[in-house]
Amino acid sequence: MIRNIRPIILVVYLMLVTYGIGFIGWNSFAPRSYTYYALSIGVPFFVCNIVSKKIRRSDFSLLLTYLALMPMISCFSKQILLGESAFSVSSPILLAFAFMFYFVLKYLKVEEKDIVKAVVSVGVTTAVIQVFQQLFPNYVFFDAFRSDYYHLSLIEIRNNFSRYLVGSIAIQLFCLYYFWSLLSSRFSVVKLIFTCLLLVSVYLYLTRQVLVAAALTICVSSFFSQEKKTKRFSFVMTICFVMGVIYNWEDFFGGFVSMTQHDSYSTDIRGQSMLFFLNRIVSNPIGLLLGFGESHYEEQWYRLGFYASDIGFIGDMYHFGITWIVVYFVSVYKIVIKYKNVVPLYIRLYLIGTLISSPFSFPYHSLDKAFVWLFVLYISNRYISSYKKKYMLERNV
């Protein structure tokens, strides 16, 4: 019975961490406390694994233990360094709870197909909503920019498209790389339709660094394919993708180029913000090691245009310390390079994409991204653990 409802459970959690895919008025329908209660289910599983000494380096449980504890540790570091109450900001607590959910996945013995079904269901639904709202702007029901949570009401226009915040870009990228890897291995019309739908979805977020990272990831995907036949077909698909982008360059990207040429503020302010936060990071050894935590203290820098969330791994280094970043790069190396012949292509593409965009957007800074990262690590762990068991059996024969 539980095997059949696992994808449904995951869909419910994805709805909670994406605030109902950005449904306007979601907070009235499902208060944020629901997310707390749902994610806190992972706490007893996390504690039981520690008490029973089931935390092992070999199966990523030690890595997830670190990811769960570090946001909590940074809360106390913040109290020491900034004099602000340890739990004055809720996002680090939710982040810790999200990573503790890994041990729930282990207990339920969630399979890769369960995760893929759940993420693809939410991703495809999100994409359909995005297209619908672009075609029918008088019927906009999903836009987190206009929800109570974000306290904003203006619709931004970029490249002649309305910019709505629907769902999670992390979920859409996961789905895009999944369908692209399927399409690259063997062509079918259904796979092409879903790939194109997800390409449109990622584009409609109208975020330049995301588009650049996704495009570059797709362009290099053929080099990470494992089989020669797949590699050749993937290369052909990549060429088709590049030609399509070039042919429609002006229609799809002309506005972004013009915006970049005539308004360099966002680039300039990010450079200044990086220097500002780097100076603060190295100013205190405790802060460098454990982070300064997420605090209301940062609000005084907003008027200067300095947001830690806009400067990728430097911003997260400020919040959670240098080890937080080292662990990220080690994880990427381990999954993308060390176990390149073990972990599925779409998982490695997701990590490559996050690596490209990490200077501007850290892959698990927010709750929704952390949940997708959790899935990526869980799936990777299953493949790596299975490979190690098979290797040991062959060695002992």
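Keep in mind the model is a prediction, meaning the values are calculated, not measured. (Residues numbered from 1 in each chain as written. Predicted model: local features only at pLDDT ≥ 70, side-chain atom pairs only at ≥ 80, totals over all residues. Heavy atoms only, no water.)

Here we look at the side chain of Gln-133
So, step 1. Counting through the fold element by element, Gln-133 comes out in helix H9 (residues 112-135).
So, step 2. In this structure Gln-133 comes out as buried when scored by relative accessible area, which is 1%.
So, step 3. Once residues within four sequence positions are removed from consideration, Gln-133 is found in contact with Tyr-139, Val-140, Phe-141, Phe-142, Tyr-164 and Val-166. (Helix = DSSP H or I, 4+ residues; strand = E, 2+ residues; numbered from the N terminus. Buried < 20%, exposed > 50% of the residue type's maximum accessible area, 1.4 Å probe, protein only. Contact = heavy atoms within 4.5 Å.)

Focus: unusual backbone geometry
So, step 1. Despite not being glycine, Lys-109 shows a phi value in the positive range, around 55 degrees.
So, step 2. Within the secondary structure, Lys-109 sits in the loop between helix H8 (102-108) and H9.
So, step 3. Notably, Leu-206 is not glycine yet its phi reads approximately 55 degrees, a positive angle.
So, step 4. Looking at where Leu-206 falls in the secondary structure, it is placed in the loop between helix H11 (189-203) and helix H12 (208-220).

Here we look at the packing of H11 against H12
So, step 1. Packing of H11 against H12 brings their axes to within 9 Å, and their N-to-C directions diverge by 150 degrees. One finds that H11 runs roughly antiparallel with respect to H12. Within the contact between the two elements, H11 uses Leu-199, Val-202 and Tyr-203 and H12 uses Val-210, Leu-211, Ala-214 and Ile-218.
So, step 2. A breakdown of the residues in the contact of H11 with H12 according to their chemical character gives seven nonpolar, no polar and no charged. (Axes fitted to C-alpha atoms, helices over the stretch in contact; angles between N-to-C directions. Parallel < 35°, antiparallel > 145°, perpendicular 65-115°, else oblique. Nonpolar A, V, L, I, M, F, W, Y, C, P; charged D, E, K, R; others polar.)

With respect to the environment of Leu-173
So, step 1. With respect to the helices and strands, the residue Leu-173 is situated in helix H10 (residues 169-185).
So, step 2. A relative accessible area of 15% places Leu-173 in the buried class.
So, step 3. As a C-alpha pair, Leu-173 and Tyr-346 span 173 residues in sequence and 9.8 Å in three-dimensional space.
So, step 4. Leave out the neighbours within four places in its chain, and Leu-173 touches Val-202, Val-210, Ala-214 and Tyr-350.

Side note on H11
Owing to its 3.6 residues per turn, the α-helix brings residues three or four apart onto one side.
So, step 1. Here H11 is 15 residues long and its end C-alpha atoms lie 21 Å apart, about the 21 Å a rise of 1.5 Å per residue gives.
So, step 2. Buried within H11 we find Thr-195, Leu-198, Ser-201, Val-202 and Tyr-203. (Expected span 1.5 Å × (residues − 1).)

Re the pattern of salt bridges
Where charged atoms from two side chains of opposite charge come close, those side chains can pair.
So, step 1. Summed over all chains, the structure comprises four salt bridges.
So, step 2. For Arg-6, the salt bridge goes to Glu-111, with nearest N and O atoms at 3.9 Å. A residue pair is termed long-range when its members are at least 10 positions apart, and Arg-6 in helix H1 (residues 2-17) and Glu-111 in the loop between H8 and H9 qualify at 105 residues.
So, step 3. Overall, Arg-6 belongs to the buried group, its relative accessible area being 5%.
So, step 4. Looking at Glu-111, the relative accessible area reads 25%, which means it is partly exposed.
So, step 5. For Arg-6, the salt bridge is made with Asp-114, and the minimal N-O distance between the two is 3.0 Å. Here Asp-114 lies in helix H9 and Arg-6 lies in helix H1, a separation of 108 residues in the sequence. (Salt bridge = Lys/Arg side-chain N within 4 Å of Asp/Glu carboxyl O.)

Here we look at the nonpolar core
So, step 1. In terms of nonpolar packing, the biggest core is built from 113 residues, with Leu-64, Phe-99, Trp-324 and Tyr-350 touching the most fellow members.
So, step 2. In contact with Phe-99, not counting residues within four places along its chain, are Leu-64, Leu-67, Ala-68, Trp-324, Tyr-364, Ala-370, Trp-373 and Leu-374. (Core = buried A, V, L, I, M, F, W, Y, C linked by side-chain atoms within 4.5 Å.)

Focus: the environment of Asn-284
So, step 1. Take Asn-284: it is sitting in the loop between helix H15 (265-281) and helix H16 (285-290).
So, step 2. Taking the relative accessible area as the measure of exposure, Asn-284 reaches 23% and is therefore partly exposed.
So, step 3. Asn-284 sits 203 residues away from Leu-81 along the chain, and the two C-alpha atoms are 8.7 Å apart.
So, step 4. With sequence-adjacent residues up to four places away left out, Asn-284 is seen in contact with Leu-81 and Phe-292.
So, step 5. There is a polar contact of 2.9 Å between the side chain of Asn-284 and the backbone nitrogen of Ile-286. (Polar contact = N/O pair within 3.5 Å; in protein donor to acceptor, adjacent residues only side chain to side chain.)

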